[in-house]
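Observations on chain architecture
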Amino acid sequence: MDVHVRDLRYFVAVAEELSFTRAAGRLFIAQPSLSKQIRRLETSLRVPLFERDHRTVALTAAGAALLPQAQRIIRQWEDAQGALAEVAAAGRRTLTVGFHTRIGRGLIPNVTARMATALPEWRLLFRQIPWRDPTVGLADGEVDVAVAWLPVPAEFPRKVVATEDRWVALPSGHRLAAREAVALSELADEPFIALPSTAGPLREFWLGNDQRPAPARVVAEAETAEESLEAVGSGLGALLLSAGNARIYQRDDIVCRRVTGLAPSELAVVWRAGDERRAVQVFVEACERCLCGG
């Protein structure tokens, strides 16, 4: 089996953290999945890279030898991606913007107008990315910049452009539908629609598990916001969403109510570290001016 850059990223994360738990959190993947990938890498290389017991993780001699080489390869690949992006952008003059949920908030027309004034030779292309990718297409180079709900992996720079209360979407006939606001404690026993497990901390945030005394009861997973709302409308369960998205996704079979006892959500513009292209900077600044009133 060929070794891919992603395999090396997994290895480097574990080697630098010396903890599968911390590395999994850093990579936004489940720990069992990370352990499986490392075992596959060791099998492919035919050498153990880590010594493990129930409490500690340490590099073997082979792992210690591989680490600086893997870090170098990752840096070189990132440089290559940046160079390719510049070449491609020079030819296309297209900035691809990733998103998980509809952007709304007047952002697209306002930012498009600002981009047209500052960089008239560029155009924007918007692409929806499934929830299973917590980097909103940035890690694989599918998009150049993203309008994303936090948290996102720490390796990506970001600028928060909006802060919104978390609301809950309920089937229209739900027992709490007549309320103006719902306390988080009142949702303790409700079934919830969740993001895929690969979404990591983002899944936990949109279940409210960051502030619940016990995890939410998950009855189904959805790949996109639209799938999530279909599940709510069918009566399968509840769903947390931002106040702005509660307005954007209005439907006759769903009611949305503000949740008390939850910290607000944050919408940010996110990009790849080291991507200093003028188009990226202009897009970030335009989003900030539009939503922050700058």
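Placed above this text is the structure.
So, a few notes on the structure that sits alongside this text. (Residues numbered from 1 in each chain as written. Predicted model: local features only at pLDDT ≥ 70, side-chain atom pairs only at ≥ 80, totals over all residues. Heavy atoms only, no water.)

**Some remarks on the packing of aromatic side chains**
In total, this model carries four aromatic pairs according to the counting rule given. Their ring planes at 50° and their centres at 5.5 Å tell us that Phe11 and Phe50 sit as a pair that is tilted. Here Phe50 lies in strand β1 (residues 50-52) and Phe11 lies in helix α1 (residues 5-17), a separation of 39 residues in the sequence. The same class applies to Phe11 as to Phe50, namely buried. In this structure an aromatic cluster arises from ring pairing among Phe11, Phe20 and Phe50. (Phe/Tyr/Trp six-rings, centres within 6.5 Å; stacked < 30°, edge-to-face > 60°. Helix = DSSP H or I, 4+ residues; strand = E, 2+ residues; numbered from the N terminus. Buried < 20%, exposed > 50% of the residue type's maximum accessible area, 1.4 Å probe, protein only.)

**So, the sheet that holds strand β13 (residues 265-271)**
Taking strand neighbours across the sheet as the criterion, the five strands line up as β4-β3-β5-β13-β6 in an open arrangement whose pairing is mixed. The two strands at the open ends of the sheet, each matched to only one other strand, are β4 (123-128) and β6 (158-164). The average undirected angle you get between the axes of adjacent strands in this sheet is 20°. In this structure, strand β3 (residues 94-99) lies alongside strand β5 (residues 145-149), joined through three bridges in parallel fashion. Note on β5: the bridge partner recorded for Val97 is Val145. Contacting β3, β4 and β5, helix α5 (residues 107-118) runs over the sheet at an angle of about 150° to β4. (Pairing = 2+ DSSP bridges. Axes fitted to C-alpha atoms, helices over the stretch in contact; angles between N-to-C directions. Contact = heavy atoms within 4.5 Å.)

**Points about α1**
With 13 residues, α1 extends 18 Å from end C-alpha to end C-alpha; this agrees with the ideal 18 Å at 1.5 Å per step. Of all the residues in α1, the buried ones are Asp7, Leu8, Tyr10, Phe11, Val12, Ala13, Val14 and Ala15. A positive backbone phi angle near 50° is found at Leu18, which sits one or two residues after α1. (Expected span 1.5 Å × (residues − 1).)

**Concerning the side chain of His100**
Looking at where His100 falls in the secondary structure, it is placed in the loop between β3 and α5. Separated by 3.5 Å, the side chain of His100 and the backbone oxygen of Pro130 make a polar contact. (Polar contact = N/O pair within 3.5 Å; in protein donor to acceptor, adjacent residues only side chain to side chain.)

**Points about unusual backbone geometry**
Backbone torsion omega between Leu150 and Pro151 reads 10°, so that peptide bond is classified as cis. With respect to the helices and strands, the residue Pro151 is situated in the loop between β5 and β6. The residue Leu18 is not glycine, and still its phi comes out positive at about 50°. For Leu18, the location among the structural elements is in the loop between α1 and α2 (20-27). For Leu18, a relative accessible area of 40% puts it in the partly exposed group.

**Digging into the environment of Arg93**
By the element assignment, Arg93 lies in the loop between α4 (61-92) and β3. For Arg93, a relative accessible area of 32% puts it in the partly exposed group. With 30 residues separating them in the primary sequence, Arg93 and Arg123 have C-alpha atoms 6.5 Å apart.

**Some remarks on the sheet that holds strand β11 (residues 239-242)**
Across the sheet, four strands lie side by side as β8-β12-β7-β11; this open sheet has mixed pairing. Looking at which strands have only one partner, the edges of the open sheet turn out to be β8 (181-183) and β11. Averaged over all neighbouring strand pairs, the angle between strand axes comes to 45°, with direction disregarded. Bridging between β8 and strand β12 (residues 254-260) involves three bridges; their strand directions are parallel. When the sheet's bridge partners are listed, Ala181 is paired in β12 with Arg258. Contacting β7 (166-171), β11 and β12, helix α7 (residues 225-233) crosses the sheet at an angle of about 50° to β7.

**Remarks on the nonpolar core**
Counting residues in each nonpolar core, the largest one holds 61 residues, and the members touching the most others are Leu95, Val111, Met115, Val168, Ala169, Phe192 and Phe283. The element best represented in this core is helix α9 (residues 278-292), accounting for seven residues. Setting aside residues no more than four positions away along its own chain, Met115 makes contact with Leu95, Pro120, Leu124, Ala279, Val282 and Phe283. Listed in part, the 20 residues of the second largest apolar core include Val14, Ala23, Leu49 and Leu67. (Core = buried A, V, L, I, M, F, W, Y, C linked by side-chain atoms within 4.5 Å.)

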